[in-house]
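# Fold and contact review
Spelled out, the chains give:
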Amino acid sequence: MAKVKVGLVQTTCTADKQQNLQKAVEKVREAAAKGAQIVCLQELFTSLYFCDIEDYDNFKLAEPIPGPSTDELSKVAAELGVVIIASLFEKRTQGLYHNTTAVLDADGTYLGKYRKMHIPDDPGFYEKFYFTPGDLGYKVFKTRFATIGVLICWDQWYPEAARITALMGAEILFYPTAIGWASTQEPDTNTEQYNAWQTIQRSHAIANGVHVVSVNRVGEEVGLKFWGGSFVANPFGTVMFQGSHHDEQVSVVELDTNQTDHYRTHWPFLRDRRIDSYAPVTKRLIDND
């Protein structure tokens, strides 16, 4: 299909996992009622953002994938005829956990998962305590409505991740996200950080000639104000939609994946890539030692 309607679900979360899951189901229904065919939920939507501290009790939030949450969402996907992108805390086995997104097709079929590759460790974002880096590589999923690529939050800052996923055939890049401002920051710093976050993702759209859909949580949690601002960019980086920084929203945006061919032929970045010259990018640092 050339034209596809994507739903962005931007919400607050609570400490009640089942309550968060039921809210997600309600919001998926709302998006489907507005015409959405692919619905993306935000990062780790079944809980508060627990990575603000290092606490062993938080491992109890994890679950297998497939598992209880994907089972419930699969039923909803089949009932509504929509694709669901669901970001979850995965328990792979005892002592091995991932930040993982599952993709459920419009008939409820579990298509597979992507495990977050880039894991941050910053004040308020202690993800390395919880998550093993992804070992499945970059992934695309052939859904009923489009071939999609899924990356997760900190992956947003890495052009290599977007490039590889696009080269694998992704028509749309989805980024479920949980990112916010420290509650003590100045407004100018907040604006600068949000602009950098959006700009780097718009650049992925331009460099690869694909639509980018970024879905972020909203609301205040301990020490953080999640900045919402979920958005969609077209293949030349134009912002087609931008969400509120303060409110929950369920938004639906129609994309035309045929635009990829137009932009890639008029601005042929893929044609002119010098792949013979890029080997040094695999080094940590290019130095003289």
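Up top you'll find the structure we're talking about.
This report concerns the structure included in the present document. This structure is a prediction, so every number in the text was calculated from the model and none was measured. (Residues numbered from 1 in each chain as written. Predicted model: local features only at pLDDT ≥ 70, side-chain atom pairs only at ≥ 80, totals over all residues. Heavy atoms only, no water.)

Moving on: helix 3 (residues 159-167). For helix 3, the set of buried residues is Ala161, Ala162, Thr165 and Ala166. Buried residues in helix 3, looked at end-on, bunch into an arc of 125°, giving them a common side. Check the buried side of helix 3 and you find it contacts strand 6 (140-142), strand 7 (147-150), strand 8 (172-177), helix 4 (187-208) and helix 5 (259-266). Among the residues trailing helix 3, Gly169 stands out with phi positive, at a value near 110°. (Buried < 20%, exposed > 50% of the residue type's maximum accessible area, 1.4 Å probe, protein only. Helix = DSSP H or I, 4+ residues; strand = E, 2+ residues; numbered from the N terminus. Arc of directions from axis to C-beta. Contact = heavy atoms within 4.5 Å.)

We now examine the sheet that holds strand 9 (residues 180-182). Spatially, three strands are ordered 9-12-11 in an open sheet, and the strand pairing comes out antiparallel. Strands with a single pairing partner mark the edges of an open sheet, and in this sheet they are strand 9 and strand 11 (218-221). Across the sheet, the mean angle separating the axes of adjacent strands is 20° when strand polarity is ignored. Here strand 11 pairs with strand 12 (residues 224-227) via four bridges, running antiparallel. The residue of strand 12 that forms the bridge with Gly219 is Phe226. (Pairing = 2+ DSSP bridges. Axes fitted to C-alpha atoms, helices over the stretch in contact; angles between N-to-C directions.)

Covalent bonding between the sulfur atoms of two cysteines defines a disulfide. With the rule as written, the count across this model stands at zero disulfides. This cysteine, Cys40, is not joined by any disulfide, and Cys153 carries the nearest cysteine sulfur, 12 Å off. Of all cysteine sulfurs, the one in Cys51 lies closest to Cys153, which takes part in no disulfide; the gap is 9.6 Å. Using a relative accessible area of 6% as the deciding quantity, one classes Cys153 as buried. (Disulfide = S-S within 2.5 Å.)

Before going further, it helps to examine the packing of helix 1 (residues 17-33) against helix 2 (residues 68-80). Helix 2 packs onto helix 1 with a crossing angle of 15° between their chain directions and a minimal axis gap of 11 Å. The angle between the axes of helix 1 and helix 2 places the two elements in the roughly parallel class. Of the two possible hands of crossing, helix 1 and helix 2 adopt the one that is right-handed. Touching Gln18, Leu21, Gln22, Val25, Val28, Arg29 and Ala32 of helix 1 are Ser69, Glu72, Leu73, Val76, Glu79 and Leu80, all from helix 2. The residue makeup of the contact of helix 1 with helix 2, split by class, is seven nonpolar, three polar and three charged. (Parallel < 35°, antiparallel > 145°, perpendicular 65-115°, else oblique. Left-handed = near helix turned anticlockwise from the far one by under 90°. Nonpolar A, V, L, I, M, F, W, Y, C, P; charged D, E, K, R; others polar.)

Let us look at the sheet that holds strand 8. Here six strands make up an open sheet; going across it, the order is 6-7-8-10-13-14 and the pairing mixed. Looking along the sheet, the strands with just one partner apiece sit at the ends: strand 6 and strand 14 (239-242). Averaged over all adjacent pairs, the angle separating strand axes in this sheet is 20°, with direction ignored. Alignment of strand 10 (residues 211-216) against strand 13 (residues 231-233), held across three bridges, turns out to be antiparallel. Among the inter-strand pairings, Val213 is bridged to a residue of strand 13, identified as Val232. Against the sheet, helix 3 engages strand 6, strand 7 and strand 8, with an angle of about 140° to strand 8.

Considering all chains together, one arrives at 27 aromatic pairs under this definition. On the numbers, 4.8 Å between centres and 25° between planes, the contact of Phe50 with Phe89 is stacked. Here Phe50, found in the loop between strand 2 (38-41) and helix 2, pairs with Phe89, found in strand 3 (residues 83-93); they are 39 residues apart in sequence, far enough to count as distant. Pair check on accessibility: Phe50 and Phe89 agree, each one buried. Seen in terms of ring centroids, Tyr114 and Tyr138 are 6.5 Å apart; in terms of plane orientation they differ by 25°. Their pairing is stacked. Here Tyr114, found in strand 5 (residues 110-115), pairs with Tyr138, found in the loop between strand 5 and strand 6; they are 24 residues apart in sequence, far enough to count as distant. Pair check on accessibility: Tyr114 and Tyr138 agree, each one buried. Members of the aromatic cluster, joined through ring pairs, are Phe50, Tyr56, Phe59, Phe89, Tyr97, Phe129, Tyr130 and Phe131. Sitting over the face of the ring of Phe226, Arg217 holds its NZ or CZ atom 5.4 Å from the ring centroid. (Phe/Tyr/Trp six-rings, centres within 6.5 Å; stacked < 30°, edge-to-face > 60°. Lys NZ or Arg CZ within 6 Å of the ring centre and 35° of its normal.)

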